[in-house]
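Single-letter residue listing:
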Amino acid sequence: MIAKLALIACCTLAAFGAPAPQKVFPYHYAQEDLPNGLRLITVPTDYPNIVATYIVVQTGSRNEVERGHTGFAHLFEHLMFRGTQRFPSTKYDETMRRIGASTNAFTTEDFTCFHTTFSKEDLPTVLDMEADRFRNLKYTEAEFKTEALAVLGEYNKNSSNPFRKLDEVVFDTAFDRHTYKHSVMGFLPDVQAMPNSYDYSLKFFDHYYRPEFTTIIVVGDVKAKDVRKLVDRYWGSWKRGTFKPDIPQEPAQQAPRANHVAWTSPTLPIMTVAYKVPAYTDSNEDSVALDAVASLAFSRNSDLYRKLVIEEQKVDELGADHTDHVDPSLFEITARVKDPADIDYVRDQILATVKSFREKPVDAARLDALRKHQRYAFELQMDDSGAIAEVVAAYVALRRSPETINKIYDRYAELTPQAVQRAAAKYLVEDGRTIVTLTGPEDAK
Amino acid sequence: MKSLLSVLLLAACTNAVAQMKVAELPSKSPLVTFRIVFTTGSAADPPEHPGLAYLTAMMLADGGTREMTYKQIVDAMYPMATSVHAQVDKEMTTFSGETHVDNLDAYYKLLRAMLLDPGWRADDFKRVKEDAINFLRVSLRGNNDEELAKEVLYQNIYQGTPYGHYSVGTVSSLEKITLQQVKDFYHQQYTQANLILGLAGGFPPAFLETMKTDFHKLPEGPGFRPRAQNPALIEHTRAVIVDKDTRSVAYSIGFPISVTRPRNEFVPLLVATSYFGQHRMSGGVLYDAMREKRGLNYGDYAYIEYFPRGMFQFEPSPNLARQYQIFQLWIRPVEPPTAKFTLRLALYELNKLVKNGISEEDFERTREFLGKYANVLERTDSAALGYAIDSLYYSIPPYKQYLKTRLASLTRDEVNAAIRRYIRTDKLVIVAVGKDGEELKKELTSSDPSPMTYNSPKPAAITEEDKTVAQWPIGLRAEDVTVVPVGQVFQ
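Participant: For this particular structure, what's the right way to read the overall build of chain A?
Facilitator: Scanning chain A from terminus to terminus reveals 15 helices and eleven strands. For a compact globule of 445 residues, the expected C-alpha radius of gyration is about 22 Å, and chain A comes in at 23 Å, within 12% of that figure. C-alpha extents for chain A along the principal axes are approximately 60 × 55 × 35 Å. Residue pairs at least 24 apart in sequence account for 81% of intrachain contacts in chain A once pairs closer than 6 positions are excluded.

Structure representation (structure tokens):
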């Protein structure tokens, strides 16, 4: 499964049991490092019976630096279910079913996450089986080739969605060198050629499935010291690796770019206006200021949404995506336009909105509303242990610690209208812009 | 954090307010979850106006109230990070939402006005209607071959009955529906008799009484019960091929079963389908045969209850309770050269299930799985509340308890008897979404073998089995296949 994590609002986290009167995140967590570099984060909650484990490996499509091997991080998400000598895939599946676990995995540009939700008495079984496959994954070349076909099947089931194609072309157009150029799924020719890369797959596993790239998050009806004992037992002797990934840097974009996708099935026209923006940071205002622009300028609450969607009814979907990333990535505004004749008008409206955010500070009352929105959105999404683990996993992928949630929330508290304007003026600029349109057969311009 | 479920039907009290159907699940959570269900839906659409129930619900959830415009509602909800979501199915229309207890009064005030005092503005109606039409024209037909196959299957099986149209309606019907018809539908169907109020989380004790008093404003109404009408018998296996320009072929296959949640055979059949193809999990028979062993696609699953949007979620949405269900196979998109082999393999595996049933070991394992999986199913307040409402609708005990109790006494023989009685391999409806529909029709209706080749050596057991599968009868006659251009689906 491929996941693109939506913007997650942030909060403060109680650091190691310290009193936290103003905190919106009510859970105390333990963060511990094993001598081999493996990190363990345990978050006891008062949701009874259920435990969720989220195991984050800091490798995603970003790490696919070799030409012809895009899509490998995601392929590995699949291969990890192929089993070991001790727990062949049938035994792994049987055990997961016997314990009534819900288990799956997803891959993003920056990380791969394996998650399981189950009843608390089965924690030793789950940690044992997970440790075994992270350390002793074993698959034959024939099994590898079959699994590569399942990945092609996943590409196929996604391929009828024009939004996916549009996003693929936006990143391919905007980036020249950095691996964000390709999607998590990978380029189609690479996906089709995957079955021939068995040897490369072994190398990929050897590089990245190592304790120093891995963080185990355990959330639910648990005690931190019990979890630590189990993790020591099953994961303690896992060997640290030596590989250091060398991700190419993207040179600064010098001029605006544009592209077009001719979609062969009927669709409404879709457009993305994207800007190059910096990597996730909790040490200055950039990330939160751009989050604020995304929400205040393009969410359902925005003036542009009111104009284009509610009043003029020229657009049926409008929104901005500013997903946190390890490296500089894109701020994307996407609109689906009802009438092809309005494509240019809608683009101009989006550009005018961006310009107004560059030129004027936002209303302070709206910024306060945003702060409230972020805080409540964060609390509302934490409605069970699995959901809490998923939130923590997204931040762990960026900074390997939930502590970054504390910091980013502090940045929200400090955010001023002027800072929002500064970020818009600095990053949402013409030279860093890429516009891609997608139209169906009847809508050709 | 969750307290014991208390589903209350306060029939003993003396006034109508107290008699309102309520599902409540109080807890210490800082969040409050609402599920307000009207036991009416697209089965109540007049035959000439499919989509009326859907448009009515969307006007409430995505439109203004008498006092506030839609934009004002969106703005008011923004700082609370809340919304109201509507789900419309055959017999249930659900409005759901969640708020932090800090904002309970403010949120409820908006929700109450949306449901009890709608604004009925013409510009909201135009937008909501266009959204529904574009959903059918673009999102369903164009963007999601798998959901399209599933909904065409349901439509085909239930044709001529109140279940015989997709809940969103058809493009031509939606275009004609007027705002007055929507208002009339609201006044007729949004009644106290059809209402179930659901509330979970950290709400104050008096809150539910306030809600009941407020919703007492609705007319009492006679209560909607859909006309009882079984789907027509399927005489021969038939197929609908939806012809569209797409990379691969997506299948949905099924037939009606007369088993719903309260029936004694429900849990035995649930065990059988979980064993055969538990949704989005590895280890099912179909998944293993098709994806794990042969790499044909991304996954293959089986169902005995309606499960829309399965590509986006791991657990089913509650409040899709129905009086009629089908047994359904979901075969995820396959490369066109393997389309015929894949269909044969699905039918071959189904035949094995019917012929051999479930082994004692698989039975025990699946039983244990479902008993524990019930905890996972109801792990959020919203899901637990949804299941409580469904149990109220079906007049069964709380679902988790119902499932566990029945599983505890279940025998393998009961499962195998249910398989033999309800699962079949003929008289099916097959829906395929793919390109070159006429070619696909020729292929699927010919008895020519469809040998399979692989990119890697396969164990002898698989190559031997493939020889049988390559010739497995599909049982589809050319006169029973309809090829429909995608533009005509849900038109």
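Next comes the rest of the write-up.
Participant: What exactly am I supposed to notice about the environment of Ser-27 of chain B here?
Facilitator: Residue and element names in this part refer to chain B. Within the secondary structure, Ser-27 sits in the loop between β2 (21-26) and β3 (31-38). Given 18 C-beta atoms within a 10 Å radius, Ser-27 is considered partly exposed. Along the sequence, Ser-27 and Thr-482 sit 455 residues apart, while their C-alpha atoms lie 53 Å from each other.

Participant: Just checking my understanding: could you explain the interface of chain A and chain B for this structure?
Facilitator: Accessible area lost on assembly of the parts is the figure often given for the size of an interface. With 55 residues of chain A at the contact, the number on the chain B side is 57 residues. When residues of the side of chain A that touches chain B are traced back to their parent elements, those giving at least two are α2 (89-98), β4 (102-107), β5 (112-119), α4 (141-158), α10 (303-311) and α12 (364-381) of chain A. Of all the elements, α4 of chain A adds the most residues to the side of chain A that touches chain B, at eleven residues. A class-by-class count of the residues in the side of chain A that touches chain B yields 17 nonpolar, 20 polar and 18 charged.

Participant: How should the packing of helix α1 (residues 52-61) of chain B against helix α4 (residues 122-143) of chain B be read in this particular structure?
Facilitator: When two helices pack together, their arrangement is given by the angle between the helix axes and the distance between those axes. Residues and elements named next belong to chain B. One way to put it is that α1 packs onto α4 with a least axis distance of 10 Å and a crossing angle of 125°. In terms of axis orientation, α1 runs oblique to α4. In terms of crossing hand, the pair formed by α1 and α4 is right-handed. Taken together, the residues of α4 that come into contact with α1 (itself represented by Tyr-54, Leu-55, Met-58 and Met-59) are Asp-124, Phe-125, Val-128, Lys-129 and Ala-132.

Participant: Explain the sheet that holds strand β11 (residues 433-439) of chain A to me, please; I cannot follow it from the model alone.
Facilitator: Note: strands within a sheet are paired through backbone hydrogen bonds, in either parallel or antiparallel orientation. Residues and elements named next belong to chain A. With mixed pairing, the five strands of this open sheet are ordered in space as β7-β11-β8-β10-β9. One side of each edge strand has no neighbouring strand; the edge strands of this open sheet are β7 (257-262) and β9 (315-321). For this sheet the average axis-to-axis angle between neighbouring strands, irrespective of direction, equals 15°. In terms of strand pairing, β7 meets β11 through six bridges, oriented parallel. Within β11, the residue paired with Val-261 across the bridge is Leu-438.

Participant: What exactly am I supposed to notice about helix α3 (residues 123-136) of chain A here?
Facilitator: For an α-helix the count is 3.6 residues per turn, leaving residues at separations of three or four pointing the same way. All names here are of chain A. Between the first and last C-alpha of α3 there are 20 Å, a value that for 14 residues agrees with the 20 Å anticipated at 1.5 Å per step. Every buried residue of α3 is accounted for by Leu-123, Val-126, Leu-127, Met-129, Glu-130, Ala-131, Arg-133 and Phe-134. Buried residues belonging to α3 abut β3 (50-57), α2, β5, β6 (214-220) and α8 (224-235).

Participant: Any chance you could explain the sheet that holds strand β7 (residues 238-243) of chain B here in plain terms?
Facilitator: All names here are of chain B. Overall, mixed pairing links the six strands, which are arranged β9-β10-β8-β11-β7-β12 in an open sheet. Looking at strand neighbours, the two that pair on one side only are β9 (300-303) and β12 (481-485), the edges of this open sheet. Averaged over all pairs of adjacent strands, the angle between strand axes in this sheet comes to 15°, irrespective of strand direction. Note: β7 against β12, five bridges, orientation parallel. From the neighbouring strand, Ala-239 faces β12, where its bridge partner is Val-481. Sheet strands touched by helix α9 (residues 266-277): β9 and β10 (325-334). Its angle to β9, the strand with the most contacts, is close to 175°. Across the sheet, helix α11 (residues 339-356) is in contact with β8 (249-257), β10 and β11 (429-434); its angle to β10 comes to roughly 145°.

Participant: Would you explain unusual backbone geometry in this entry?
Facilitator: Only a minority of non-glycine residues have a phi that is not negative, and only a minority of peptide bonds are not trans. All names here are of chain B. A positive phi angle, close to 60°, is found at Arg-309, a residue other than glycine. With respect to the helices and strands, the residue Arg-309 is situated in the loop between β9 and β10. For Asn-319, which is not a glycine, the phi torsion comes out positive at approximately 65°. By the element assignment, Asn-319 lies in the loop between β9 and β10. Classification of Asn-319 as buried rests on a count of 24 C-beta atoms within 10 Å.

Participant: In this structure, what is going on with the confidence of the model for chain B? I would like to understand it.
Facilitator: When pLDDT drops low, the exact placement of atoms in the prediction is not to be read closely. Residues and elements named next belong to chain B. In this model, chain B carries a mean pLDDT of 93, and residues with pLDDT of at least 70 account for 96%. Below pLDDT 50 for its whole length, residues 1-14 participates in 29 contacts with residues either more than four positions away or in separate chains. Overall fold confidence (pTM) sits at 0.92, and the ipTM for the predicted complex is 0.88.

Participant: How should the nonpolar core be read in this particular structure?
Facilitator: In globular proteins that are soluble, nonpolar side chains generally tend to be buried together. Ranked by internal contacts, the top residues of the largest apolar core, which has 156 residues, are Leu-55, Ala-132, Tyr-251, Ala-272, Val-431 and Ala-432 of chain B. With near-sequence residues (within four places) excluded, Ala-272 of chain B lies in contact with Ile-358, Val-415, Ala-418, Ile-419 and Ile-423 of chain B.

Participant: Would you explain the pairing of β9 of chain B in this entry?
Facilitator: The two faces of the sheet receive side chains in turn, since in a regular strand these alternate between them. All names here are of chain B. The side-chain alternation of β9 yields two buried faces, one formed by Asp-300 and Ala-302 and the other by Tyr-301 and Tyr-303. By the bridge criterion, four bridges tie β9 to β10 in an arrangement that is antiparallel. Residue pairing in the sheet places Ala-302 in a bridge with Leu-329 of β10.

Participant: Would you explain the pairing of strand β2 (residues 39-44) of chain A in this entry?
Facilitator: Residue and element names in this part refer to chain A. Across the six residues that make up β2, a large majority, six, are buried. Taking every second residue as pointing to the same face, both faces of β2 are buried, with Arg-39, Ile-41 and Val-43 on one and Leu-40, Thr-42 and Pro-44 on the other. Pairing of strand β1 (residues 30-33) with β2, which is carried by four bridges, proceeds in the antiparallel orientation. Note that in β2 the partner of Ala-30 across the bridge is Thr-42. Taken together, β1 and the strand that follows it, β2, pair antiparallel across an intervening segment of five residues, in which Gly-37 is found at a positive phi of about 100°.

The rules behind the values
Residues numbered from 1 in each chain as written. Chains lettered and ligands numbered in written order. Predicted model: local features only at pLDDT ≥ 70, side-chain atom pairs only at ≥ 80, totals over all residues. Helix = DSSP H or I, 4+ residues; strand = E, 2+ residues; numbered from the N terminus. Rg over C-alpha atoms; globule rule 2.2 N^0.38 Å. Contact = placed C-beta atoms within 7 Å. Buried ≥ 20, exposed ≤ 12 C-beta atoms within 10 Å, placed from the backbone. Nonpolar A, V, L, I, M, F, W, Y, C, P; charged D, E, K, R; others polar. Axes fitted to C-alpha atoms, helices over the stretch in contact; angles between N-to-C directions. Parallel < 35°, antiparallel > 145°, perpendicular 65-115°, else oblique. Left-handed = near helix turned anticlockwise from the far one by under 90°. Pairing = 2+ DSSP bridges. Expected span 1.5 Å × (residues − 1). pLDDT = per-residue confidence, 0-100. Core = buried A, V, L, I, M, F, W, Y, C linked by C-beta atoms within 7 Å.

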